[in-house]
Structure formats: C-alpha cells, structure tokens
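# A look at the structure
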Amino acid sequence: MTRVVPCGAGDAGGAGRSGVSPGVSFQRGLSVLISVAESGEARVEKIAADAGIPVSTVYRYLRTLRELDLVEERAGTYAPGWRLLEISGQHLTHTRLVELGHGLLQELTDATGETAVLTVRVGTRAMCLRQTQSPHPIRMAFRINQLLPLYAGAGQRLLLAHAPRAVIDHVLEQPLRGITARTLGRAQLATEIDRVRQSGFLVTRGELSEGAVAVAVPVVAGGEVLCALTVAGPENRCGSAWRRHAQSRLRAAGRQLGELLEHRAAPLPIG
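Below or above, wherever it landed, is the structure these notes cover. None of these values were measured; they are calculated from a predicted model.

### Some details on the environment of Gln 106
With respect to the element layout, Gln 106 can be found in helix α5 (residues 90–112). Considering only alpha carbons, one finds Gln 106 and Val 117, 11 residues apart in sequence, at a separation of 9.6 Å.

Laid out in structure tokens, this is it:
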C-alpha cells in the first residue's frame, strides 16, 4: 500500500490557527482519501495508522470528504463515495457491468440451476455488484454491494490473483481470519496466486460458506481483468459433472461480457 507520510507541523511556514500549514493539511487530507480508496472499506483506526495521524484528526478530514461525497460511512466504516468512484472511472465501469452483465447472470442461473454472481475488486476487498439467485429453497447468495474478503471464495481469490502486486502484498500482510475450516492460510494463498492466474478459472469448496461449491472465471477487457463471474451452490447439488458444465458456461459468458465491454468502450466511427 502506498502511504503518504506527512511532514511535521513545524516544517512549513504559514501555519494556521491549528498549527498546521495549508500544505501539510492538504497532504494529510489526501492521505486519508488514499487510505479509503485503496482499502475499499476501512475503520477510522486503520485510516489513522495508514496516514500516520491521530484518530481525532482523521474524523475531521472524513467529515469534509463525506460532505463532498468522496467517502461514505457504512456502519462505522468508510468506503469510497459515488463522486470518488465517478472520478476514478469505477462508477462508469460498474454501471456498464450491471447493464451488460445482468442478462448473462440470468442465463448462467438458468443453465446451472445455481446462483450467479458478478464481483469486482474495490481496493483490498471484493464487492458483489450483481447476482441472480438460484430458484432452489436452499441456495447461496450475497447482498448487492456486500463487501467480501479477497482471500476467500472463488470470485474473490480470482480477483486477488489478478490484482496489482501492491494489493496482493497488502492482503498477504494482513491477519487472515479463518472464516471456515477450509479458508486458506497465508502460505497456501501465496502459492496459489500464480496457479490461479495461469489456469483461467477457480473452483473452491467451503472457503467462505460451509458446504458451498463455487466456480469462477475472470472477465477481461482492454487487457485488464475487470470483474469475475461465479456460480455457486451447495455441495450436494454441485458434483464433478455440474462443475464441468458450470466452467464451460462461465467461460463462454466471460468471453461474451468481455467482448461487449470492449465494444461499448470503443470510440464511435467518424463519418
């Protein structure tokens, strides 16, 4: 993670009534914004540690950033606001993914009988951007916009494997909670990253939810992995034949979504 380390309050002239110069104050505000943007979702204590400033100071900057819609508060944690997502281009990308991906998700659910999920990476977390749920009474499902750990689950681990090295290192440096008995530890997770990148798909069993099986593929457009497509269901319905079928349908859907995204992103012809 990139960290902006503010210089001391006495290092610059022109300090205001708070004893901090405008330049240092601006730098601190940016460091708070960077921490939120890179984390995807963070508590004040983590933001303060990243920025190297007191918690009380962080609250002051967060109040201003919230007023500008650059960050938003979610039950005591802070996440990028709609304006920050729009500035970074994520808002537009997410809108396109929702617009183009919903029909493909429904086709995946119809073909596999299980829940289909589209996830994106937001900093060092993954987010469920859209899903179509299985018609079965017992099924796997997330909440829309639910933030998920990058290190557990098929779509999430696939996004981690294709993330920038700085994001991978940051995730591996943090304490990894054992969500289930099958959640990978740090050493195993690190060795799996290259294999996942090369295979082009991922199958997991019970890493995030006990008794769940999930298959995921990346969606590539413009040479970048923009999201992951996943289908997931309970182990008693998702045997080896189902996994092969799901993988085949996911690969086709992933290619189709990638082509649609590239086509929509292409400039209009002149004349």
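### Re unusual backbone geometry
Phi at Asp 69 takes a positive value of approximately 65°, unusual for a residue other than glycine. Assignment of secondary structure puts Asp 69 in the loop between α3 (55–67) and β1 (71–74).

### So, the pairing of strand β7 (residues 212–221)
Buried residues dominate β7, accounting for nine of its 10 residues. The pairing of strand β6 (residues 202–205) with β7 spans four bridges and is classified as antiparallel. Its bridge partner lying in β7, Leu 202 is registered against Ala 216. In sequence, β6 turns back onto β7 through a hairpin of six residues, with Gly 206 there showing a positive phi of about 65°.

### Description of the packing of helix α6 (residues 154–161) against helix α8 (residues 186–199)
Direction vectors running N to C along α6 and α8 enclose 85°, while the axes themselves pass 9 Å from each other. In terms of their interaxial angle, α6 and α8 are classed as roughly perpendicular. Of the residues in α8, those touching α6 at Arg 157, Leu 158, Leu 160 and Ala 161 are Leu 189, Glu 192, Ile 193, Val 196 and Arg 197. Here the residues of the contact of α6 with α8 are counted per class, giving six nonpolar, no polar and three charged.

### Observations concerning the packing of aromatic side chains
Across all of its chains, the model carries zero aromatic pairs by this definition. Against the face of Tyr 61 rests Arg 60, its NZ or CZ located 5.5 Å from the ring centre.

### Some remarks on the pattern of salt bridges
Enumeration over the complete set of coordinates arrives at eight salt bridges. Ionic pairing is found between Glu 192 and Arg 157, a salt bridge with its closest N-O pair at 3.5 Å. One end of the pair, Glu 192, is in helix α8; the other, Arg 157, is in helix α6, with 35 residues separating them in the sequence. The burial state of Glu 192 is the same as that of Arg 157; both residues are buried. Ionic pairing is found between Glu 192 and Arg 195, a salt bridge with its closest N-O pair at 2.8 Å. One end of the pair, Glu 192, and the other, Arg 195, are both in helix α8, three residues apart, so they sit about a helical turn from each other. On the basis of relative accessible area, Glu 192 is assigned to the buried category, the value being 18%. A residue is classified by how much of its surface remains accessible, and Arg 195, at 40% relative accessible area, is partly exposed.

What counts, and at which threshold
Residues numbered from 1 in each chain as written. Predicted model: local features only at pLDDT ≥ 70, side-chain atom pairs only at ≥ 80, totals over all residues. Heavy atoms only, no water. Helix = DSSP H or I, 4+ residues; strand = E, 2+ residues; numbered from the N terminus. Buried < 20%, exposed > 50% of the residue type's maximum accessible area, 1.4 Å probe, protein only. Pairing = 2+ DSSP bridges. Axes fitted to C-alpha atoms, helices over the stretch in contact; angles between N-to-C directions. Parallel < 35°, antiparallel > 145°, perpendicular 65-115°, else oblique. Contact = heavy atoms within 4.5 Å. Nonpolar A, V, L, I, M, F, W, Y, C, P; charged D, E, K, R; others polar. Phe/Tyr/Trp six-rings, centres within 6.5 Å; stacked < 30°, edge-to-face > 60°. Lys NZ or Arg CZ within 6 Å of the ring centre and 35° of its normal. Salt bridge = Lys/Arg side-chain N within 4 Å of Asp/Glu carboxyl O.

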